[in-house]
Amino acid sequence: MKKFTENSTFEEVLNTKEGLEIAEKHLGALIERPSVEMMKTKKLSELRNMIPLPPIKKKFAAMIDELCELD
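Computed from a predicted model, the values in this text were never measured in an experiment.

Topic: the side chain of Ser8
- Within the secondary structure layout, Ser8 lies in the segment before α1 (10-14).
- Sequence-distant contacts of Ser8, that is, excluding residues within four places in its chain, are made with Lys42, Lys43 and Leu44.

Here it is as structure tokens:
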């Protein structure tokens, strides 16, 4: 069974060691921004679709893809 799915919340990701490491790997300093606090209740599938800026959207997509591959 996969550790995370597109239905996992960003908060669930950030509350695990593996998830936080992957988020930091892909998002770097973005993870420290106050706007991330508002995203915590969002499902990963929602985050994939809500980020409008292509460079940041690409980072979130890569993070989500890696998270959803974890067992």
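Here we look at the pattern of salt bridges
- If you walk through the whole model with that rule in mind, you get 7 salt bridges.
- Ionic pairing is found between Lys2 and Asp71, a salt bridge with its closest N-O pair at 3.2 Å. Taken together, the residues Lys2 in the segment before α1 and Asp71 in the segment after α5 (54-69) connect sequence positions 69 residues apart.
- Taking the relative accessible area as the measure of exposure, Lys2 reaches 39% and is therefore partly exposed.
- Among the charged side chains, a salt-bridge network with shared partners connects Glu6, Arg48 and Asp65.

Rules used in this analysis
Residues numbered from 1 in each chain as written. Predicted model: local features only at pLDDT ≥ 70, side-chain atom pairs only at ≥ 80, totals over all residues. Heavy atoms only, no water. Helix = DSSP H or I, 4+ residues; strand = E, 2+ residues; numbered from the N terminus. Contact = heavy atoms within 4.5 Å. Salt bridge = Lys/Arg side-chain N within 4 Å of Asp/Glu carboxyl O. Buried < 20%, exposed > 50% of the residue type's maximum accessible area, 1.4 Å probe, protein only.

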